[in-house]
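Residue-level listing of the chains:
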Amino acid sequence: MPAKKGAKAKKAAAKTTGKKAAKKTATKKAAKKPAASKATAAKTKSTAVKKAYYYFGGGKADGRADMKDLLGGKGANLAEMTNAGVPVPPGFTITTEVCTAFYENGMEVPKKIDAETETMMARIEKETGTKFGDPDNPLLVSVRSGAKFSMPGMMDTVLNLGLNEQTVEGLAKKTGNTRFALDNYRRFIQMFGNVVLGIDKDTFEEVITKLKKDRRIKQDSSLQENDLREIIKKFKSIVKRKSGEPFPDDPYVQLRMSRDAVFRSWNNPRAITYRRLNDIPADLGTAVNIQAMVFGNMGTTSGTGVGFTRDPGTGNNEFYGEYLTNAQGEDVVAGVRTPQPIKELETDMPEIYKQLKGITSKLEKHYRDVQDFEFTVQEGKLYMLQTRTGKRTIQAAVKIAVDMVKEKLISKEEAIMRIDPAGIDHLLHPRIDPNAKFEVIAKGLAASPGAASGKVYFTAEEAVKHGAKQAVILVREETNPDDIEGMSVAKGILTARGGMTSHAAVVARGMGKCCVSGAESIRVSASKKQFQVGKLTVKEGEVITINGSTGEVILGEVPTIDPEFSAEFNELMTWADELRTLRVRTNADVPRDAKQAIEFGAEGIGLCRTEHMFFAEDRIPIVQEMILADTPEDRQMALDKLLPFQKADFKGLFDAMNGLPVTIRTLDPPLHEFLPRREEIQAKIDKLDKKSDDYEEDLERLQKTIKRIDELQELNPMLGHRGCRLGIVYPEITEMQVRAIIEAACELTKAGKKVKPEIMIPLVGHVNEFKNQKEHVNRIATEVINRFKIRKLEYLVGTMIEIPRAALTAHEIALEAEFFSFGTNDLTQMTMGFSRDDAGKFLRFYVDNEILPQDPFVSIDIDGVGQLVRMGKERGREARPDLKVGICGEHGGDPKSIDFCHEVGLDYVSCSPFRVPIARLAAARAAIVRQEAKPAKGRKSKK
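Bear in mind that the values here come from a model prediction, so they are computed numbers and not experimental data. (Residues numbered from 1 in each chain as written. Predicted model: local features only at pLDDT ≥ 70, side-chain atom pairs only at ≥ 80, totals over all residues. Heavy atoms only, no water.)

(A) Main features of the pairing of strand S23 (residues 552-555). Pairing analysis gives four bridges linking strand S13 (residues 439-443) to S23, with the strands arranged antiparallel. Bridge pairing links Val-440 to Ile-554 in S23. As defined by bridge partners, strand S22 (residues 543-547) adjoins S23 across four bridges and the pair is classed as antiparallel. What sits directly across from Ile-544, in S23, is Leu-555. (Pairing = 2+ DSSP bridges. Helix = DSSP H or I, 4+ residues; strand = E, 2+ residues; numbered from the N terminus.)

(B) Examining the nonpolar core more closely. In this structure, Phe-654 and Ile-742 are the most contacted members of the largest nonpolar core, which totals 142 residues. For this core, the element with the most residues is helix H29 (residues 731-750), which contributes ten residues. Of all hydrophobic cores here, the second largest spans 71 residues; its members include Ala-52, Ala-181, Val-207 and Phe-295. (Core = buried A, V, L, I, M, F, W, Y, C linked by side-chain atoms within 4.5 Å. Buried < 20%, exposed > 50% of the residue type's maximum accessible area, 1.4 Å probe, protein only.)

(C) How the structure looks around the packing of aromatic side chains. Following the criterion strictly, the structure yields 21 aromatic pairs and no others. Clustering of aromatic rings is evident, with ring pairs tying together Phe-319, Tyr-353, Phe-373 and Phe-375. Lying across the ring of Tyr-54, Lys-51 places its NZ or CZ 4.4 Å from the centre. The residue whose ring lies beneath Arg-585 is Tyr-908, and the NZ or CZ to ring-centre distance is 4.1 Å. (Phe/Tyr/Trp six-rings, centres within 6.5 Å; stacked < 30°, edge-to-face > 60°. Lys NZ or Arg CZ within 6 Å of the ring centre and 35° of its normal.)

(D) Local environment of the sheet that holds strand S32 (residues 908-911). Taken together, eight strands build a closed barrel; the order of strands is S25-S26-S27-S28-S29-S30-S31-S32 and the barrel is parallel. Ignoring strand direction, the axes of neighbouring strands in this sheet form an average angle of 25°. Sheet topology note: the strand S26 (residues 605-609)/strand S27 (residues 661-665) ladder contains three bridges and is parallel. Bridge pairing in S27 places Ile-605 opposite Val-662. Together, S26, S27 and strand S28 (756-761) form the strand contacts of helix H25 (residues 632-657), whose direction differs from that of S27 by roughly 155°. In the packing of helix H30 (residues 767-788) onto the sheet, the strands contacted are S28 and strand S29 (796-801), and the crossing angle to S29 comes to about 150°. (Axes fitted to C-alpha atoms, helices over the stretch in contact; angles between N-to-C directions. Contact = heavy atoms within 4.5 Å.)

(E) Region of the structure containing unusual backbone geometry. In this structure, Arg-368 is a non-glycine residue whose phi angle is positive, near 55°. In this fold, Arg-368 is placed in the loop between helix H15 (350-367) and strand S10 (371-378). A residue is classified by how much of its surface remains accessible, and Arg-368, at 30% relative accessible area, is partly exposed. The phi dihedral of Glu-850 is positive, around 60°, even though this residue is not glycine. Position of Glu-850 relative to the elements: it lies in the loop between helix H34 (840-848) and helix H35 (865-879).

Given below as structure tokens:
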């Protein structure tokens, strides 16, 4: 009787001590780590936990592979492997519901659930023939995380749990290997101290490093028993000094503290960041897996390893991985010893290799996907510790998906659904060599993908001057339309200000150049020809590298890998074209971009911005002459000079698109954007030579320019005199552009080529604005067609819907317009009241703090802006059933926005050339999700 009472008292004490220690640790870590997710904290009802524990072992498991929401990926797969007869060490999974309850219950597992722990441990004890905490025959366990979606290395793990001064001797006696037992004990103290108690792991490593130096040895494996006992003693001293408590000897205290630490790790900084980067919801929580330990460090007949059923880097169907003999799993990834290629296991342990190959091959066929697995061999017996869907490069993902279709493991639809459209970006642009080492000096927004190295220059003029001979990175506080020449020659663009749809970002994406925008930690001084980050100064001519796929700014040159398309990629895109119903156009202003888009599979031009053509060196003086004209006659003379340039541009675009539709937007930006800055003109006045014969004439000309700049100055130019308003006040501008468009079309038609011009009037808010411009378009078009004696030239006149009022009155505008194209960049600005050039100052904070779910300039705001798109489309089609409706803002290349466009029923999306393949794949996925996949009529598959 006394013995029983003592045992009960010990268990009760264990619970109490564990809770106190865990609470103390949680409080201590609270200052370092975020609190529970806002989504979880916001819940008002406590989570009802129907079943907290799911056992697996003895060839039978309570769970299944399809229970990842509850058991996490690891727990569900352990259950599935157990049920399939795969050798898995027994254990149990504590569900994600318990994780939620843990946060709701003040960072404690509810008492009723906690009380079941001993019962579950007893089941492991029975199956293994060992006893948790028994000094003669101890059971040791691992405690691991396991979320629904794989988050490798983001959360915490504790191994060898259950060791103390008594059980370590029992383990030594049982195995006949004292050094093995002591080594496991020191590993456990170190891991527990770091993961559970929050002690820096370097503090422990310093002890080992110093002792190895004193003993003049290099490898941990050379440490002797006395060395390990000394290390254990010092480790315990560190724990007491750092935590204020002695290292817990009671196994159940260790278990509860470790379990709680794993639950807390769901909200550690790296896990939060990983979820944000991978769009994993914050309220899913993690499961905890408690499993009997098996040991790969019990001699030469033992070992451990990790592997993939196919090469995750290339996608080749080759057994891939590494292993170590006489080691634990952490040794493989820690870099303490150099692992061996898994192929060599066939020589070291041929029977184990054959068994492992057979099991993993069956697992891949069972899950119908590449498996990332972990295994341990304990004294000649193989155990599978984990299998999960393997992470892979985008190149490998494409090859594996296509290969598995050919192997009849998956369907074409499944193959398409397995490729993240956003990942396609990495196939279209140069990327940083993954083996390269580099120093990141600043971080901005990943505004346009790809990577480039070059010498920094701070003005467009300097970029043009040096760009022909060497690689250049244009660095600006922010870009403006005047910088277009410099941007065109630069390998990449870096700005200190601006968001994902700023001028720099939009133009860079259109050009296929990498761009990092909004890198607010850099201070740009164009006058000093340098930028600073902290104490570092980078001067003109020095080399940096920018990674537009991550937003990183890197000091010096970093090697890159050129993009290339594989046969598998082309085949996958052919399948996508067969399945999608949404057409994909491109935003292109010059024939070069149009041809690139055609190669990527574009089906027309959805937006040609005519203003970009005006900034060419041979045209800007004529444009400025037009703006400075005093009379309509003088303005017309300047426009007549511009007309041949515009016509040549349009002929190039029509010719490149070879009969596909080309939507051309008439002039949109305010006129002051084409004039120099006032300061530049004043500087020229100050430098005039008063003794020169031309002084008076030059002074008058420059003063006139300043006067015109002042007249055109606007407090809010985004809502000012731009778009159709320019064409209404200065109809001759619209007429010149229409004449250039229709003349170009007529000349090509006469040459026997097909042309489909679509003339788009921007910034219409009232139907009368559209009527005004439509009258000019049709009158000039008819005049030109008659002059060329063309029997029939089909053209459309439509509008951009970018003002909320236009969406609200779409039924009126559609009676006049033949097509709508939603300009969602401006529509987002006007609906949300955000300036896309300035919102970068706070939007990142908004997203990080869950004020907004995402940047509305990157992915469309479905509940707000999206409703205007839906309303505009529906009201427009009510008035004109055959109304063609598309989208041409930057959202046209965003997979989430494309899914919305498909759901709403738009005809097409239009995006920058390098996002066309992304849009094609995203459109196919949208059709598959809604089970509407079918070949589009008359569509040809394109590479």
